[in-house]
Amino acid sequence: MNNRECRFGNALSFSFDIKHAESDSLARVGTINTPHGPIQTPAFIPVGTKATVKSVLPEAMADLGAQALLSNAYHLYLQPGSDILDEAGGLGEFMNWPGPTFTDSGGFQVLSLGVGFKKVLAMDAQTFRRDDVIAGNKDRLAHVDDEGVTFKSHLDGSMHRFTPEVSMQVQHQIGADIMFAFDECTTLHNTRPYQELAMDRTYAWAIRCLDEHKKLTQERVGKPYQALFGVIQGAQYEDLRKKAATDLGSLESNGQAFDGFGIGGALDKGQLGTIVSWVNEILPEDKPRHLLGIGAPEDLFVGVENGCDTFDCVLASRIARTSAVYTMEGRFNLSNSRFKRDFTSIDDECDCYTCTHYTRAYMHHVFRGKEIISATLATIHNERFIVRLVDQMRQALLDGNFADMKADFLGRYTHRSGQARD
Ligand SMILES: [Zn+2]
């Protein structure tokens, strides 16, 4: 639908084609085309924070159906350094992943790791709200001003500064196909005046990101085009979310507009669908929308039916390493002693490598024995479960039975879990 020829890099660079749109909801099916291949949407994008999905080979990620991977600009900037990735030929080349890649801008990480608020942002909006709660009695490791964020590395305590320009420079060096604009991520605990301030700042930073992105695209001749997504903030406030979607959706600076959008920030889980629909009813229809840090099964249905095209979440792999697995019957822990003599697969409907070769009893054994393979096998299963679930949603949309598929799944699946970015 929106074929955008790259003016400076390789031939066809980035486009989004919508194949099908629901008439009674915001859901749609499409294809995001990137220089490293297409992504059929809706799609779940597994997270490889530091240029690796922990414990799993890239070939196994491809085998389980991952179409793209998302890494983190903040972590890669600190280690090994974005210049190293640039010299290596970019993120995909560096980590032996030939497909499309995304990078998160670092906005969330400099604040979450620096200020010390919890990584899990889904929280109860009714709890008390004040701006200093995020610092608590911890050392405040990040300081935000209108120009950018000064922060202390969580690795060695060294001081760094991210501005919109630095984030763009870092993300261009990393070389992912899809990047995000540098934003100030708030929590549900921040006051309304602070949310307004952060949103104004995010808008001013968005313009600076577009300008720097355009400059770098022109300078870095011969590199594949990197698409830039603007990030919609506004917490749980309808007017703020709608204003952000209106302002960023139509923003153009020196002829450069966003190629797509990320919906970020504090998302009150109980209101997820409402918040996402406020935004997606306003954002340009012909550009892809990514819901940042959302990946629990029940939330993915809400995201898809409210018009989100891609999702990422670190939970699938993070909980796998603690022996927690998703199944059609809900989530459980393989280290539980009830699995000691259970010679069935983790999920008898799952077609992953783990489920077709191993039993719950074996998984219980390797978790109890703290064998490294436990992380690998459980991660393969969980990533496959989530990737496949969103693939099934895409197929159900094409087949015209999304509502039935959703009712069937949620009728069986009961466990609820939160939002998480790494
Ligand atoms: Zn499986």
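Residues numbered from 1 in each chain as written. Predicted model: local features only at pLDDT ≥ 70, side-chain atom pairs only at ≥ 80, totals over all residues. Heavy atoms only, no water.

**Overview of the packing of helix H7 (residues 192-219) against helix H8 (residues 238-250)**
Next up, step 1: For the pair H7 and H8, interaxial distance at closest approach is 11 Å and the crossing angle is 5 degrees. Relative to H8, H7 is oriented roughly parallel. Contacts between H7 and H8 involve Arg 192, Gln 195, Glu 196, Met 199, Tyr 203 and Ala 206 on the former and, on the latter, Asp 239, Leu 240, Lys 243, Ala 244, Asp 247 and Leu 248.
Next up, step 2: Of the residues that constitute the contact of H7 with H8, the class distribution is six nonpolar, one polar and five charged. (Axes fitted to C-alpha atoms, helices over the stretch in contact; angles between N-to-C directions. Helix = DSSP H or I, 4+ residues; strand = E, 2+ residues; numbered from the N terminus. Parallel < 35°, antiparallel > 145°, perpendicular 65-115°, else oblique. Contact = heavy atoms within 4.5 Å. Nonpolar A, V, L, I, M, F, W, Y, C, P; charged D, E, K, R; others polar.)

**Regarding the confidence of the model for the protein**
Next up, step 1: Averaged over every residue, the pLDDT of the protein is 89; the share at 70 or more is 89%.
Next up, step 2: Every residue in residues 1-11 scores below 50 in pLDDT, and together they form 31 contacts with partners more than four places removed in sequence or on other chains.
Next up, step 3: Per-residue pLDDT stays below 50 along residues 415-419; that stretch engages in 24 contacts with residues further than four places along the chain or on separate chains. (pLDDT = per-residue confidence, 0-100.)

**Re the coordination of the zinc ion**
Next up, step 1: Looking at the zinc ion, the protein donor atoms are Cys 350 (SG), Cys 352 (SG), Cys 355 (SG) and His 381 (ND1), and they sit 2.1 to 2.3 Å from it.
Next up, step 2: Relative to the metal, the four donor atoms surrounding the zinc ion lie at angles of 95 to 121 degrees, and the coordination shape comes out tetrahedral.
Next up, step 3: Read N to C, the donor residues that coordinate the zinc ion are spaced as C-x1-C-x2-C-x25-H. Taken together, the residues Cys 350 in the loop between strand E19 (330-333) and helix H12 (353-357) and His 381 in helix H14 (residues 373-399) connect sequence positions 31 residues apart.
Next up, step 4: Here Cys 350 falls in the buried class, since its relative accessible area comes to 8%.
Next up, step 5: On the basis of relative accessible area, His 381 is assigned to the buried category, the value being 0%. (Donors = N, O, S within 2.8 Å, 3.2 Å for Na, K, Ca; no water. Tetrahedral: all angles 85-135°; square planar, octahedral: opposite > 155°, others 65-115°. Buried < 20%, exposed > 50% of the residue type's maximum accessible area, 1.4 Å probe, protein only.)

**A short note on the nonpolar core**
Next up, step 1: Membership of the largest hydrophobic core comes to 100 residues, with the highest contact counts inside it found for Phe 258, Leu 291 and Met 393.
Next up, step 2: Element by element, the count of residues in this core is highest for H14, at 11 residues.
Next up, step 3: Ranked by size, the runner-up nonpolar core spans 19 residues in total, among them Ile 32, Leu 70, Ala 227 and Phe 229. (Core = buried A, V, L, I, M, F, W, Y, C linked by side-chain atoms within 4.5 Å.)

**Brief notes about helix H9 (residues 272-280)**
Count 3.6 residues to each turn of an α-helix, and residues three or four apart come out pointing the same way.
Next up, step 1: Counting buried residues along H9, eight of its nine residues qualify, which places the element largely inside the surrounding structure.
Next up, step 2: What H9 keeps buried is the set Leu 272, Gly 273, Ile 275, Val 276, Ser 277, Trp 278, Val 279 and Asn 280.
Next up, step 3: Tucked into the core, H9 has its buried residues touching strand E12 (227-232), H8, strand E15 (260-263), strand E16 (289-291) and helix H10 (297-305).

**Here we look at the sheet that holds strand E10 (residues 159-162)**
Note on sheets: strands pair through backbone hydrogen bonds, and any given pair is parallel or antiparallel.
Next up, step 1: The three strands are arranged E8-E9-E10 in an open sheet whose pairing can be described as antiparallel. Bordering the open sheet on either side are strand E8 (142-144) and E10, each of which pairs with just one other strand. With strand direction ignored, the average angle separating the axes of adjacent strands in the sheet is 15 degrees.
Next up, step 2: Both strand E9 (residues 149-152) and E10 contribute to a ladder of four bridges, which runs antiparallel. For Thr 150, the partnering residue across the bridge sits in E10 and is Arg 161. (Pairing = 2+ DSSP bridges.)

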